[in-house]
Amino acid sequence: MARLKQQYEGNGFYGIGILNNANEFNVGTLWRTAYILGAAFIFTVTKKYKPQSSDVTKAWTKIPLFHYRTIDELKWNLPHSTKLIGVEMTKESIPLIQFKHPIRGVYLLGNEKIGLSENILDECESVVSLPGDSSLNVAVAGSILMYDRVSKIEI
Ligand SMILES: C[S@@+](CC[C@H](N)C(=O)[O-])C[C@H]1O[C@@H](n2cnc3c(N)ncnc32)[C@H](O)[C@@H]1O
């Protein structure tokens, strides 16, 4: 008798988060977009965040937010076979337009004032930059990145 072959989703998953965020409002905005654009989870590194009443979509009921104390803890907890992608403006960054998103990816955004340091970028498999000569608000940058992912990989 022929065995039924199980079908699995082939579109992977992604998570997105901010290292050492300064402004809680940015985490809330990112969470809302992440839920709407199909992220599996969001996270913070070093700073904790509590859901706020301004989150009318109650994103906290839809996708989880994880807190990591350090970048090492984030890396230790990366899902199996999942790439860590830094999101930062540097000379070596891959322009988002050319970037091929990994099927399973975790995107790391930087602090509002100082961004991601060289040391942190060294921990990432790739670093991607968004168009423009000036830096964007971190939640806006994350939202554009997520839109780019969903427009290139069907969800
Ligand atoms: C406001 S920026 C940090 C400030 C920036 N490093 C500076 O020196 O002006 C906060 C974070 O948003 C993201 N970001 C903002 N604009 C970006 C861009 N054009 N490309 C990639 N990431 C960007 C990065 O993750 C960055 O660390």
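The structure we're discussing is the one just above.
Cut-offs applied
- Sequence order sets the numbering: in each chain, residues are counted from 1 along the sequence as written.
- pLDDT decides what is reported in this predicted model: residues at 70 or higher carry local features, side-chain atom pairs at 80 or more are listed and counted, and totals for whole chains, interfaces and linings draw on all residues regardless.
- Water and hydrogen atoms play no part in the side-chain values, which are based on all heavy atoms of the structure.
- Only heavy atoms are used to decide nearness, and a residue is near a molecule or strand if one of them lies within 4 Å of it.
- In the analysis that follows, any N or O atom pair within 3.5 Å is treated as a polar contact, provided that within protein one partner can donate a hydrogen and the other can accept it, and provided that, for residues neighboring in sequence, both atoms belong to side chains.
- Computed by Shrake-Rupley with a 1.4 Å probe, the accessible areas treat only the displayed protein chains as cover when residues are assessed.
- Here a cavity is any set of points on a 1 Å grid over the protein atoms alone where a 1.4 Å probe fits but cannot get out, and a pocket is any open set with protein on both sides within 12 Å along at least 5 of 7 lines; a residue lines the site when it has an atom within 4 Å of a point.
- A molecule is said to be in a cavity or pocket once over half of its atoms fall within 2 Å of that pocket's grid points.
- A run of DSSP states H or I qualifies as a helix once it reaches four residues; a run of E qualifies as a strand once it reaches two. Both are numbered from the N-terminal end.
- Only protein chains enter the area calculation, which uses a 1.4 Å probe; residues under 20% of their type maximum are buried, those over 50% are exposed, and those in between are partly exposed.
- Here, two residues are considered to be in contact whenever any of their heavy atoms come within 4.5 Å of each other.
- Grid points are joined across faces, edges and corners, and a volume is the space filled by probe spheres set on the points.
- Polar here means any residue outside two lists: the nonpolar Ala, Val, Leu, Ile, Met, Phe, Trp, Tyr, Cys and Pro, and the charged Asp, Glu, Lys and Arg; Gly therefore counts as polar.
- When DSSP finds two or more bridges between a pair of strands, those strands are recorded as paired.

### A short note on the site of the ligand
Logical step 1: In the neighbourhood of the ligand, 17 residues make up the surrounding shell, with Val 87, Glu 88, Gly 110, Leu 130 and Leu 136 lying closest.
Logical step 2: Between the ligand and Val 87, the relevant distance is 2.6 Å, taken from an oxygen atom to a main-chain nitrogen or oxygen of the residue.
Logical step 3: Between the ligand and the protein, one listed contact pairs an oxygen atom with a side-chain N or O atom of Glu 88 at 2.6 Å.
Logical step 4: Protein chains bury 82% of the 580 Å² of accessible surface belonging to the ligand in isolation.
Logical step 5: When each cavity is represented as a set of grid points, the ligand is found to reside in the largest pocket.
Logical step 6: Counting residues per element, the ones that place at least two in the shell around the ligand are β7 (126-129) and α4 (138-152).

### A closer look at the side chain of Asn 111
Logical step 1: On the secondary structure map, Asn 111 appears in the loop between β6 (104-109) and α3 (118-122).
Logical step 2: Residue Asn 111 is classed as buried on the basis of its relative accessible area, which comes to 11%.
Logical step 3: A polar contact of 2.9 Å, which involves the side chain of Asn 111, links it to the backbone nitrogen of Ile 114.
Logical step 4: Leaving out residues up to four positions away in the same chain, Asn 111 has contacts with Leu 19, Asn 20, Asn 21 and Ala 22.

### Comments concerning the layout of surface pockets
To find leftover empty space, a probe the size of one water molecule is rolled over the atoms.
Logical step 1: Estimated volume of the largest pocket: approximately 300 Å³.
Logical step 2: If you trace the largest pocket, you find 20 residues lining it, with Glu 88, Ser 135, Leu 136, Val 138 and Ala 141 closest to the centre.
Logical step 3: Tallied by class, residues from the lining of the largest pocket come to 9 nonpolar, 8 polar and 3 charged.

### Examining the sheet that holds strand β3 (residues 65-68)
Logical step 1: Strands sit in the order β3-β2-β1-β6-β4-β7-β5 across an open sheet of 7 strands; the sheet is parallel. At either end of the open sheet lies a strand with only one pairing partner, and these are β3 and β5 (94-95).
Logical step 2: Of the pairings in the sheet, the one linking strand β1 (residues 13-19) to strand β2 (residues 41-45) comprises 5 bridges and is parallel in character. Counterpart to Gly 17 in the pairing with β2 is Phe 43.

### Comments concerning unusual backbone geometry
Logical step 1: The phi angle at Asn 20 is positive, at roughly 55°, despite the residue not being glycine.
Logical step 2: In this fold, Asn 20 is placed in the loop between β1 and α1 (24-36).
Logical step 3: Positive phi values are uncommon outside glycine, yet Lys 58 reaches one of about 50°.
Logical step 4: Residue placement: Lys 58 occurs in the loop between β2 and β3.
Logical step 5: A residue is classified by how much of its surface remains accessible, and Lys 58, at 44% relative accessible area, is partly exposed.

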